[in-house]
Amino acid sequence: MTDTSPLILWFRRDLRLGDHPALTEACAAGRPVIPVFIHDQVVAGQGAAPRFRLGLSVAALRDSLKGKSSGLTLRKGDALEVLRALVKETGATAVWWSRLYDPDAKARDTAVKAALKGDGIDARSFAGHLLFEPWDVETKTGGFYKVYTPMWKAVRDTDIRATLPVPGKIPAPDTWPASDNLDDWRMGADMRRGHDVVLSHCTMGEAAATSRLGAFIAHRVADYATARDLPGVDGTSGLSENLTYGEISPHACWHAGQRALHDGKGEAEVFLKELVWREFAYHLVHHTPRIVSGNWKEDWDAFPWNTDARRKEVQAWQQGRTGIRFVDAAMRELQVTGRMHNRGRMIVASYLTKHLMTDWKIGLDWFAEQLIDWDPASNAMGWQWAAGSGPDAAPYFRVFNPVTQLEKFDKGGAYGKAWLAEEYAKPSGTALQFYDAIPLQWNMSPDDAYPDPIVSAEDGRKAALDAYEKRGF
DNA sequence: CTAGACTTATG
DNA sequence: ATAAGTCTA
């Protein structure tokens, strides 16, 4: 007798219908599929902006499931308790999901899987978030890669499975379990900045992500290698906010990049390399989970970071009023859009950790609160890379000069103009949006005089290099 | 064991 | 020109 009991599909960071291995297999099982999203302890532990953006993504998934005559059941609470309740209510005998790799998600999923299996449930995790499972990529000596380039060389010619189509039909159960109302969750309502402003810069959902990838491949990938480095130019893919919630799969991005490469767009290889940076970050977080919370190189624990997150230099950094134009422009871009150009991320991280001698965890926490494209692995790797405590060789070259960097990468001044309002006769619209996005207490106005540097590029560099020399390890 | 390499840099 | 150090083959 064939099994016709329902199957629960637990969505987390895989909020799409296309190229979704767990969903594809569930639909092929010939049983009713009950898609579920749980506002659980891991979701609740995320920053306000990531939760805000997640809410938009969940809404988009709910709508596309409805369009397939399916639906999305929303529940709030401890993941295991919710799943057990749903199993009981629906008679489901299976709970499937796409695997995650960061410590919070792994701890939850390991416990959930063990408990459900103990209940006799077919609890199963599928690949889908990554091109390469972290345990499938090894150095010749049997370890995981701690340097990016050798990993890239090891994986670049690997055959990546083809993408899977959106299932033609998602079998529905006879009766749907009760669902919370998404609006009642007020996801990210605690975000201390202008929601409308941030929303106007979001591009959410699977359909939008797919067209964004298409537009990038059609118009921008050919100049990607150079244009992606210029913060004042729209030269990046912008896909980070979609990848982080799985609105598009890395496989779809990979194959689109490969096709561009074969069509003679040689710079597409740089895009493929960026996708592998994302893989690298996840492999690191899987093999060394402490990367999200402590110095990856443990001898950096002895380094005298300033750990006071409330001091005025840190506030100036957060509020985009350090008096260093590149730093302030980038921090304001973050406040307004919930994202930041990658060169900006490197510059503000270098300034916070070197010139201001501040513990990178303070920067990581601020990003985790502010970014709509927050990713647990990339954020941790990026901050530790910038700070010098991370898994990369020769960090001593990494004291960026934020003044010469702006001269070099923003020659026409477009980036400064886009995000700084003071001392421009006619500030740009985005620079003015900043003042609608900030909390009142910041007490900033476009009519303010632009501040003098709190720490100059030269003094900060010297202080950082002196501290490295004295560090005694 | 040792040579060669190491994302985005600085002066 | 440089290299305060570490990883990979």
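Residues numbered from 1 in each chain as written. Chains lettered and ligands numbered in written order. Predicted model: local features only at pLDDT ≥ 70, side-chain atom pairs only at ≥ 80, totals over all residues. Heavy atoms only, no water.

- The name given to chain A in an unreviewed UniProt entry is Deoxyribodipyrimidine photo-lyase, and the organism recorded there is Loktanella fryxellensis.

1. Some thoughts on the overall build of chain A
- The helix and strand inventory of chain A stands at 22 helices and five strands.
- By its C-alpha atoms, chain A is 75 × 55 × 45 Å across when sized along the principal axes.
- Across chain A, contacts joining residues at least 24 apart in sequence account for 80% of those joining residues at least 6 apart.
- Total accessible area on chain A is roughly 19,700 Å²; 52% of this is exposed by carbon and sulfur atoms.
- With 57 positive and 61 negative side-chain charges, chain A shows a separation of 2 Å between the mean positions of the two kinds. (Helix = DSSP H or I, 4+ residues; strand = E, 2+ residues; numbered from the N terminus. Contact = heavy atoms within 4.5 Å. Areas by Shrake-Rupley, 256 points an atom, 1.4 Å probe, with all protein chains shown as cover. Lys, Arg positive; Asp, Glu negative; His and termini not counted. Charge placed at Lys NZ, Arg CZ, Asp CG, Glu CD.)

2. Quick look at the UniProt feature "binding site: FAD" (unreviewed entry) in chain A
- Feature annotation in UniProt assigns "binding site: FAD" (unreviewed entry) to the following positions: Tyr224, Thr236, Ser237, Gly238, Leu239, Ser240, Phe271, Asp373, Trp374 and Asp375.
- Structurally, aspartate 373 is set in the loop between α17 (360-370) and α18 (376-387).
- Since its relative accessible area comes to 5%, aspartate 373 is described here as buried.
- For aspartate 373, the side chain forms a polar contact with the side chain of arginine 345, separated by 2.8 Å.
- Among the secondary structure elements, tryptophan 374 is positioned in the loop between α17 and α18.
- Tryptophan 374 sits in the buried class, given a relative accessible area of 15%.
- Every residue in contact with tryptophan 374, bar those within four places of it in the chain, is listed here: Arg13, Gln46, Pro50, Thr244, Phe367, Ala368 and Asn379. (UniProt positions renumbered as here; feature names shortened; annotations may be inferred. Buried < 20%, exposed > 50% of the residue type's maximum accessible area, 1.4 Å probe, protein only. Polar contact = N/O pair within 3.5 Å; in protein donor to acceptor, adjacent residues only side chain to side chain.)

3. Things to note about the pattern of salt bridges
- All told, the structure shown has 26 salt bridges when counted by the stated rule.
- Aspartate 466 is the salt-bridge partner of lysine 462, the closest N and O atoms lying 3.3 Å from each other. With a gap of four residues between them, lysine 462 and aspartate 466 both fall in helix α22 (residues 457-470), about one helical turn apart.
- Relative accessible area serves as the criterion here: at 30%, aspartate 466 is assigned to the partly exposed category.
- If you follow the salt bridges from partner to partner, you end up with Arg53, Arg212, Glu241, Glu247 and Arg339 in one network. (Salt bridge = Lys/Arg side-chain N within 4 Å of Asp/Glu carboxyl O.)

4. What to know about the packing of helix α16 (residues 342-355) against helix α19 (residues 402-409)
- Their axes nearest at 11 Å, the elements α16 and α19 cross at an angle of 170 degrees. With respect to α19, the element α16 is oriented roughly antiparallel. In contact with Arg343, Ile347, Tyr351 and His355 of α16, α19 contributes Pro402, Gln405 and Phe409.
- When grouped by side-chain class, the residues that make up the contact of α16 with α19 number four nonpolar, two polar and one charged. (Axes fitted to C-alpha atoms, helices over the stretch in contact; angles between N-to-C directions. Parallel < 35°, antiparallel > 145°, perpendicular 65-115°, else oblique. Nonpolar A, V, L, I, M, F, W, Y, C, P; charged D, E, K, R; others polar.)

5. Examining the environment of histidine 283
- One can find histidine 283 in helix α13 (residues 268-287).
- Relative accessible area serves as the criterion here: at 3%, histidine 283 is assigned to the buried category.
- Between the C-alpha atoms of histidine 283 and tryptophan 360, which are 77 residues apart in sequence, the distance is 21 Å.
- The residues contacting histidine 283, other than those within four sequence positions of it, are Leu130, Phe132, Glu133, Pro134, Val137 and Met151.

6. Observations regarding the side chain of glutamate 279
- Counting through the fold element by element, glutamate 279 comes out in helix α13.
- A distance of 2.8 Å separates a polar atom in the side chain of glutamate 279 from the backbone nitrogen of leucine 131.
- Dropping the residues within four chain positions of it, glutamate 279 is found in contact with Leu130, Leu131, Phe132, Met151 and Pro250.

7. Re helix α3 (residues 48-66)
- Helix length check: α3 (19 residues) gives 27 Å between terminal C-alpha atoms against 27 Å at 1.5 Å per residue, within 8%.
- Where burial is concerned, most of α3 is hidden: 14 out of the 19 residues are buried. (Expected span 1.5 Å × (residues − 1).)

8. Here we look at the packing of aromatic side chains
- In total, this model carries 22 aromatic pairs according to the counting rule given.
- The interplanar angle of 80 degrees and the centroid separation of 5.6 Å between the aromatic rings of tryptophan 277 and phenylalanine 280 together place this pair among those described as edge-to-face. A residue pair is termed a helical-turn pair when its members lie 3 or 4 positions apart in one helix, as tryptophan 277 and phenylalanine 280 do in helix α13 at three residues.
- Overall, tryptophan 277 belongs to the partly exposed group, its relative accessible area being 27%.
- Look at tryptophan 300 and tryptophan 305: their rings are 5.9 Å apart centre to centre, the planes differ by 25 degrees, and that puts the pair in the stacked class.
- Overall, tryptophan 305 belongs to the buried group, its relative accessible area being 10%.
- Taken together, the ring pairs connect Trp300, Phe303, Trp305 and Tyr468 into an aromatic cluster.
- We note arginine 12 situated over the ring of tryptophan 10; from NZ or CZ to the ring centre the distance is 4.5 Å.
- The ring of phenylalanine 144 has lysine 146 sitting right over it, with the charged end atom 4.4 Å from the ring centre. (Phe/Tyr/Trp six-rings, centres within 6.5 Å; stacked < 30°, edge-to-face > 60°. Lys NZ or Arg CZ within 6 Å of the ring centre and 35° of its normal.)

9. Structural notes on the protein's contact with DNA strand B
- Near DNA strand B you find 19 residues, and of these Thr149, Trp277, Trp385, Phe400 and Asn401 are the closest.
- Near the protein, within 4 Å, the atoms of DNA strand B are sugar or phosphate in 55% of cases.
- At 3.5 Å, a side-chain N or O of tryptophan 277 approaches a base nitrogen of DNA strand B.
- Side-chain polar atom of asparagine 342 to a base oxygen of DNA strand B: 3.5 Å apart, as the coordinates give it.
- Where the surface near DNA strand B is concerned, the elements lending two or more residues are α6 (148-155) and α16.
- Split into classes, the residues belonging to the surface near DNA strand B amount to nine nonpolar, four polar and six charged. (Near = heavy atom within 4 Å.)

10. Here's the deal with the nonpolar core
- If you look at the biggest cluster of nonpolar residues, it comprises 93 residues, and the most contacted ones within it are Phe271, Trp317 and Phe367.
- With residues up to four places along the chain from it excluded, the contact list for phenylalanine 271 reads Leu213, Phe216, Val221, Tyr224, Ser237, Leu239, Cys253 and Gly257.
- Among the nonpolar cores identified, the runner-up in size contains 27 residues, and Leu7, Leu9, Trp96 and Trp185 belong to it. (Core = buried A, V, L, I, M, F, W, Y, C linked by side-chain atoms within 4.5 Å.)

11. With respect to the side chain of threonine 288
- Tracing the backbone through its elements, the reader meets threonine 288 in the loop between α13 and α14 (312-318).
- On the accessibility criterion, threonine 288 (9% relative accessible area) is buried.
- Reaching out from threonine 288, the side chain makes a polar contact with the side chain of tryptophan 296 at a distance of 2.8 Å.
- Ignoring sequence-local partners within four residues, the contact set of threonine 288 consists of Phe144 and Trp296.

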